[in-house]
Amino acid sequence: MKLALYQPEIAQNVGTILRMCACIGVSVDIIEPCGFPFNSPKFKRSAMDYLEYVQIQRHNSWEEFYAQKTGRLVLLTPHTENVYYDFMFEPSDVLILGQESCGVPQFVMDQSDALLKIPMKAGMRSLNVAMAGAMVLSEAIRQTR
């Protein structure tokens, strides 16, 4: 199981996600470009001293990431009717989180093997990307371990 971040924009979210993945033993793919430098103080502060405990692979582009895929690409998006807790996860799945401001472009949706959403109350726009990743990743781990 892996978590992939598509062109993340907010250093604190990435730091939080990396810290979570370090704690539960999940590796992370980061698909560039990022909206911040990896040595920024905000990023380091949010990741704390957990960076040495998480396996991170950075990719220069979606194409580079896609060429190296190792399992099904499972995209979290509000643009589907498929609910994450009804999905049958596999241990080799790669869960993809989009940009905080706009998600992912259509070609990423088209190349994903599954699209999943987190159901929310009417009128609510979105969850924090780190929170969404934690929710779906925990269900995927529950199912596969």
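Residues numbered from 1 in each chain as written. Predicted model: local features only at pLDDT ≥ 70, side-chain atom pairs only at ≥ 80, totals over all residues. Heavy atoms only, no water.

K.L.:
Mind showing me how you'd approach the nonpolar core here?
P.N.:
Within soluble globular proteins, side chains that are nonpolar tend to cluster in buried spots. In terms of nonpolar packing, the biggest core is built from 35 residues, with Ile17, Cys21, Phe89, Leu95 and Leu137 touching the most fellow members. For this core, the secondary-structure elements that each account for two or more residues are β1 (2-6), α1 (11-24), β2 (27-31), β4 (73-76), β5 (94-97), β6 (114-116) and α5 (129-144). Sequence-distant contacts of Phe89, defined by excluding residues within four places in its chain, comprise Arg72, Val74, Tyr84, Leu95, Leu116, Val136, Glu139, Ala140, Gln143 and Thr144. The next biggest cluster of nonpolar side chains, apart from the first, holds 13 residues, and it includes Tyr6, Ile31, Phe65 and Val108. (Core = buried A, V, L, I, M, F, W, Y, C linked by side-chain atoms within 4.5 Å. Buried < 20%, exposed > 50% of the residue type's maximum accessible area, 1.4 Å probe, protein only. Helix = DSSP H or I, 4+ residues; strand = E, 2+ residues; numbered from the N terminus. Contact = heavy atoms within 4.5 Å.)

K.L.:
What's the story with the environment of Glu90 in this structure? I'm lost.
P.N.:
Mapped onto the elements, Glu90 comes out in the loop between β4 and β5. You can call Glu90 partly exposed: its relative accessible area is 36%. For the pair Glu90 and Ile141, spaced 51 residues apart in sequence, the C-alpha separation works out to 9.0 Å.

K.L.:
Which parts of the structure should I look at to understand a nonpolar patch on the surface?
P.N.:
Taken together, Met120, Met124, Leu127 and Met131 make up a surface patch of nonpolar side chains, about 370 Å² in accessible area. With respect to the helices and strands, Met124 occurs in the loop between β6 and α5. Taking relative accessible area as the criterion, Met124 reaches 52% and is therefore assigned exposed. (Patch = residues over 30% accessible without salt bridge, like charges linked within 9 Å, V, L, I, M, F, W, Y side chains within 5 Å. Areas by Shrake-Rupley, 256 points an atom, 1.4 Å probe, with all protein chains shown as cover. Salt bridge = Lys/Arg side-chain N within 4 Å of Asp/Glu carboxyl O.)

K.L.:
So what exactly am I meant to see when it comes to the pairing of β5 here?
P.N.:
When a strand is regular, its side chains alternate between the sheet's two faces. Because side chains alternate across β5, one face comprises the buried residues Val94 and Ile96, and the other comprises Leu95 and Leu97, equally buried. Both β1 and β5 contribute to a ladder of four bridges, which runs parallel. Pairing of Leu5 across the sheet is with Leu97, part of β5. As paired elements, β4 and β5 share three bridges and run parallel to each other. (Pairing = 2+ DSSP bridges.)

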